[in-house]
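# Tertiary structure, described
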Amino acid sequence: MALKVVGTLRCAVHTKVERIMKSVADYNYLIVGGTTKAATTSLFAYLTDHPAICAATYKETRFFLSSDYPLPSKYRYSHDAQEYAALFPNCDDTQLRVESTPDYLYCEKARERIAEFLPYAKLVFSLREPISRLTSWYRFAKQIGKLPQTVSFDAYVELLFTGSKRNGRGEAQHLQTLEQGCYTTYLKRYFNQFGPARIHILFYEELAAEPVSVMASLCNFAGIDADFYADYTFKVTNRTEKMRNSELHRKYRNFRFRLRRWTHDKPIIHNPLRMIRQTIEPIYLRLNTQPDKEIQLSKETQHRLVDYYQRDIDALAELIGRPLPWKPLQKSN
C-alpha cells in the first residue's frame, strides 16, 4: 500500500515538473486575430464552450501587441514569452488553447511575435463588410463616450479621412477604423508569414446567418469535433447599443475591465463574479439603452467610402480564392 502511495506521488510530481519544463511554444493555439466589430466576442464565447478547447482567462489578452499600441492590457510581452502561460492556468496539455485579440490583425509586432513564439498556432480572422463595420464603430464610439452624441456619421467619416492623411498610427482605436477596413493590406502579411494552411477566414454575415455551418468549418480547420455545435444555442454577446448615459457606460466598462484584470487568474473569485455579471448585466443594459435611429449618410460620403474600399475588396476575394458574401458596394444615384 505504501509503495502504491509513493508511486502515485512520484507520478504526480513528475507530471508537475514536466508541465513546468514545457514552453509556451509546445502547445497548440487557435488565435482569433481580427477584426474588431465582427462578432469576435461571440465567436470566442462559442469556442470557449467546446470541451476540446481551453480558453484564456479572459477574451482580449492583447499580450503580443506592441508596447505603444493604444490599448491597455494587464499582460504585455516584455522579453519573456513564458508570461503568456499565465493566461492559461487551468488548461489540460491536450486541449487547444484559444484567445481572441482582434487588433492583432493590425499590429506588425504581434504578427512577428506569434510566429516566433507559437510555432503551432493557427489564426482565425472574422471579417465584416467594411462600410457596415464602420457604421458599427461609429455607434460603438458613441456608446463608450469616445464621440459626442451630436457628431454625425458624415462628420465622423470626414474626421477619419483627415486622420488617414496624417497616417496617425498612434491615434486612438476609434480613429483608425477607416484604414483598418482595408483587410487585404494586413492579411497579406499574415499569409506571407504563416502560409494559407494556418489561416482561416470567416465572415460576420455568414456567422450571423448560418452559425452551425460556419462553426463546423472552423472546427475542421482547428482539428476538433464539429458535432458539438449541431444543437448548440448561439447567443450574441457584446452587441453595440445606443446608451441613455454614455458616461455611466464608460465608467461601467472601465470598472468591469479593471475587475477582470484583477480576478481572471483567481477562479474562486472570478467565477462567482462572472455569474453575478451574467445575471445583472442584461438588467443594466435594459435600463441604460434606448432604440437607435438608422444612420444617415450623404451620397457624397457613401460614394467616398465605396471608392475607398472597392479596390481592397477585389484584392481580398483574390487573396482568399473565393467570392465574398457581401453585396457589391454600389453608389446611390
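Placed above this text is the structure.
This section reports on the structure supplied with the text. The shown structure was predicted, so the numbers you read here are calculated from the model rather than taken from an experiment. (Residues numbered from 1 in each chain as written. Predicted model: local features only at pLDDT ≥ 70, side-chain atom pairs only at ≥ 80, totals over all residues. Heavy atoms only, no water.)

### Details of the state of the cysteines
- Evaluated as defined, the whole model comprises one disulfide.
- Between the sulfur atoms of C54 and its disulfide partner C91 the distance amounts to 2.0 Å. When the S-S torsion is -75°, as for the bridge of C54 with C91, the disulfide is left-handed. With C54 in strand β2 (residues 53-55) and C91 in the loop between β2 and β3 (96-100), the pair connects residues that are 37 residues apart, well separated along the chain. (Disulfide = S-S within 2.5 Å. Helix = DSSP H or I, 4+ residues; strand = E, 2+ residues; numbered from the N terminus.)

### Regarding the environment of A208
- Structurally, A208 is set in helix α7 (residues 204-209).
- Sequence separation between A208 and S42 is 166 residues; the distance between their C-alpha atoms is 10.0 Å.

### Digging into helix α4 (residues 130-143)
- Between its first and last C-alpha atoms α4 spans 20 Å; for 14 residues at 1.5 Å apiece the expected length is 20 Å, and the two agree.
- Buried within α4 are the following residues: P130, I131, R133, L134, T135, S136, W137, Y138, F140, A141, K142 and Q143.
- Of the residues that open α4, the one with a side-chain oxygen 2.8 Å from the backbone nitrogen of I131 is E129. (Expected span 1.5 Å × (residues − 1). Buried < 20%, exposed > 50% of the residue type's maximum accessible area, 1.4 Å probe, protein only. Polar contact = N/O pair within 3.5 Å; in protein donor to acceptor, adjacent residues only side chain to side chain.)

### Observations concerning the packing of aromatic side chains
- Inspection of every chain in the model, using the stated rule, returns 26 aromatic pairs.
- Considering the side-chain rings of F63 and Y77, the 6.4 Å spacing of their centres and the 75° angle between planes classify their relative orientation as edge-to-face. A residue pair is termed long-range when its members are at least 10 positions apart, and F63 in the loop between β2 and β3 and Y77 in the loop between β2 and β3 qualify at 14 residues.
- The class of F63 is buried, set by a relative accessible area of 0%.
- With relative accessibility at 19%, the residue Y77 sits in the buried group. (Phe/Tyr/Trp six-rings, centres within 6.5 Å; stacked < 30°, edge-to-face > 60°.)

### Here's the deal with the sheet that holds strand β4 (residues 122-127)
- The sheet built from five strands is open, its strands ordered β2-β3-β1-β4-β5 with parallel pairing. If you trace the sheet from one side to the other, it starts and ends with β2 and β5 (199-203), each paired once. Strand-to-strand twist of the sheet, defined as the mean angle between neighbouring strand axes without regard to direction, takes the value 25°.
- As judged from the four bridges shared by strand β1 (residues 29-34) and β3, these two strands associate in the parallel manner. Looking at the pairing, L30 lines up with V98 of β3.
- Strands in contact with helix α6 (residues 183-194) are β4 and β5; relative to β4, the strand with the most contacts, it is inclined by about 165°. (Pairing = 2+ DSSP bridges. Axes fitted to C-alpha atoms, helices over the stretch in contact; angles between N-to-C directions. Contact = heavy atoms within 4.5 Å.)

### Brief notes about the environment of L178
- Looking at the secondary structure, you find L178 in the loop between α5 (153-166) and α6.
- Note: C-alpha distance between L178 and P130 (48 residues apart in sequence) is 8.4 Å.

### As for the side chain of H50
- Within the secondary structure, H50 is located in the loop between α2 (40-48) and β2.
- What makes H50 buried here is its relative accessible area of 3%.
- Engagement of the side chain of H50 in a polar contact is seen with the backbone oxygen of D225, the distance being 2.7 Å.
- Those residues within four positions of H50 in sequence are excluded, and the remaining contacts are C219, I224, D225, F228 and Y229.

### Examining helix α8 (residues 211-222)
- Between the first and last C-alpha of α8 there are 16 Å, a value that for twelve residues agrees with the 16 Å anticipated at 1.5 Å per step.
- On the buried face of α8, the contacting elements are β1, α2, β3, β4, β5 and α7.
- Downstream of α8 by a residue or two, G223 has a phi angle that is positive, lying close to 80°.

Purely spatial values, then, with no claim about function.
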